[in-house]
Amino acid sequence: EAGVAQSPRYKIIEKRQSVAFWCNPISGHATLYWYQQILGQGPKLLIQFQNNGVVDDSQLPKDRFSAERLKGVDSTLKIQPAKLEDSAVYLCASSFGLAGNYNEQFFGPGTRLTVL
Amino acid sequence: GQQVMQIPQYQHVQEGEDFTTYCNSSTTLSNIQWYKQRPGGHPVFLIQLVKSGEVKKQKRLTFQFGEAKKNSSLHITATQTTDVGTYFCAGPMTSGTYKYIFGTGTRLKVLA
């Protein structure tokens, strides 16, 4: 079974530039999560999709971050414009279950973003 | 808002020693998950606990969910170098939507 795919793996940009991350979840997984993990901290949920609808985006800085999950499969996360404090690893995860069901999360390898 | 704290933040043990990390939530959890993240890697699911007082074992790992469902622990017996990594607990921010908040993590180093 293929795992969660993410690209790119690494990205270096200057502050105020834009960047986009892509995630392909495990086939058949209804729920997709984007997390931000700053070095030395636990993953912080940014947004959670169930199929192609948003379940929660309360911690997404909406003035600069946006995410979409077209057709309920792939997802993209965009930052525009980037700030120095956005330097982190962006993790995508997916789970088979819908909200309220057993929902083990499978994580992708992450994208390491450095903002200079 | 809901917080999930873990102690200790770091733990160094000699290979063969036991290790325990504790997870404490500011609110009652409907369930709790544990993940392991190797250095440079991504979190990998270990287990989910649902019932009050539940205890589950996976070889040398023992997981416990508190009676009040506000705390949990992970105990590793006779640590090995392969146990190195950061252990996170994760609990739902609010019941119903099941958005998970991750704990602060415990970084384990095992000295051979």
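Predicted model only: the values in this text are computed from it and were never measured.

Colleague: Can you help me understand the overall build of chain A in this one?
Modeller: Within chain A, the regular secondary structure consists of 0 helices and 11 strands. The helix and strand sequence of chain A, counted from the amino end, reads β-β-β-β-β-β-β-β-β-β-β. A compact globule built from 116 residues would reach a C-alpha radius of gyration of about 13 Å, and chain A, at 13 Å, matches this within 12%. Seen through its C-alpha atoms, chain A measures out along the principal axes to roughly 40 × 25 × 25 Å. Sorting the 116 residues of chain A into buried and exposed places 45% on the buried side. Considering only contacts in chain A between residues 6 or more positions apart, those separated by 24 or more positions represent 54%. Accessible surface, chain A as shown: approximately 5700 Å² in total, 51% of it carbon and sulfur.

Colleague: Please clarify how the overall build of chain B should be interpreted in this entry.
Modeller: Helices and strands together make up the secondary structure of chain B, namely 0 helices and 11 strands. Counting from the amino terminus, helix and strand elements in chain B follow one another as β-β-β-β-β-β-β-β-β-β-β. A compact globule built from 112 residues should have a C-alpha radius of gyration of about 13 Å, and chain B, at 13 Å, falls within 12% of that. Considered along the principal axes of its C-alpha atoms, chain B spans approximately 45 × 25 × 20 Å. Burial analysis of chain B (112 residues in total) assigns 47% to the buried set.

Colleague: How should the sheet that holds strand β1 (residues 4-7) of chain B be read in this particular structure?
Modeller: Sheet strands pair via backbone hydrogen bonds, and the direction of the pair is either parallel or antiparallel. Residues and elements named next belong to chain B. Strand order in this open sheet of 5 strands is β1-β3-β8-β7-β6, and the pairing throughout is antiparallel. One side of each edge strand has no neighbouring strand; the edge strands of this open sheet are β1 and β6 (55-58). Direction aside, the axes of adjacent strands within the sheet are offset by 15 degrees on average. For strand β7 (residues 61-65) and strand β8 (residues 71-76), the ladder comprises 5 bridges, and the chain directions are antiparallel. Of the residues in β8, the one forming a bridge with T62 is H75.

Colleague: I keep staring at the interface of chain B and chain A and nothing clicks. Help me out?
Modeller: Contact residues are listed per partner, giving 18 residues for chain B and 21 residues for chain A. For the pair chain B and chain A, the summed buried area comes to about 1600 Å², and 56% of that belongs to carbon and sulfur atoms. Scanning the region where chain B abuts chain A turns up 0 salt bridges. Viewed at the interface, chain A and chain B are joined by 4 residue pairs in polar contact (both at pLDDT 80 or more).

Colleague: Teacher, can you tell me more about the state of the cysteines here?
Modeller: Covalently bonding the sulfur atom of one cysteine to the sulfur atom of another cysteine gives a disulfide. Residue and element names in this part refer to chain A. For the structure on display, the rule yields 2 disulfides over all chains. Each sulfur in the disulfide pair C23 and C92 lies 1.9 Å from the other. With the S-S dihedral at roughly -70 degrees, the linkage between C23 and C92 falls on the left-handed side. On the criterion of sequence distance, the pair formed by C23 in strand β3 (residues 19-24) and C92 in strand β9 (residues 88-95) is long-range, its members being 69 residues apart. For the residue pair C23 and C92, the accessibility class agrees, reading buried in each case.

Colleague: I would appreciate a short explanation of the nonpolar core in the present structure.
Modeller: One broad trend across soluble globular proteins is that nonpolar side chains are buried collectively. Among the nonpolar cores identified, the biggest contains 21 residues, and A:F21, A:W34, A:L77, A:I79, A:Y90 and A:L113 are the most heavily contacted of them. Among the elements of the structure, β3, β4 (31-37), β5 (44-50), β8 (75-79), β9 and β11 (111-115) of chain A are those that each provide at least two residues to this core. Among residues more than four places away in sequence, those in contact with A:F21 are A:S7, A:P8, A:W34, A:S75, A:T76, A:L77, A:I79, A:Y90, A:T111 and A:L113. One finds B:F19, B:W34, B:L61 and B:I101 within the second-largest nonpolar core, a separate group that totals 20 residues.

Colleague: Would you take a moment to explain the sheet that holds β8(A) for this structure?
Modeller: Residue and element names in this part refer to chain A. If you trace the 4 strands from one edge of the open sheet to the other, you get β1-β3-β8-β7, paired in antiparallel fashion. Sheet topology places β1 (5-7) and β7 (65-68) at the edges, where each strand pairs with a single neighbour. Ignoring which end each strand starts from, the neighbouring axes of this sheet average 15 degrees apart. Here β3 runs beside β8; their pairing, made up of 5 bridges, is antiparallel. In the strand pairing of β8, W22 is matched with T76.

Parameters at a glance
Residues numbered from 1 in each chain as written. Chains lettered and ligands numbered in written order. Predicted model: local features only at pLDDT ≥ 70, side-chain atom pairs only at ≥ 80, totals over all residues. Heavy atoms only, no water. Helix = DSSP H or I, 4+ residues; strand = E, 2+ residues; numbered from the N terminus. Rg over C-alpha atoms; globule rule 2.2 N^0.38 Å. Buried < 20%, exposed > 50% of the residue type's maximum accessible area, 1.4 Å probe, protein only. Contact = heavy atoms within 4.5 Å. Areas by Shrake-Rupley, 256 points an atom, 1.4 Å probe, with all protein chains shown as cover. Pairing = 2+ DSSP bridges. Axes fitted to C-alpha atoms, helices over the stretch in contact; angles between N-to-C directions. Buried area = accessible area lost by both parts, 1.4 Å probe. Salt bridge = Lys/Arg side-chain N within 4 Å of Asp/Glu carboxyl O. Polar contact = N/O pair within 3.5 Å; in protein donor to acceptor, adjacent residues only side chain to side chain. Disulfide = S-S within 2.5 Å. Core = buried A, V, L, I, M, F, W, Y, C linked by side-chain atoms within 4.5 Å.

In short, shape yes, function no, at least from these values alone.
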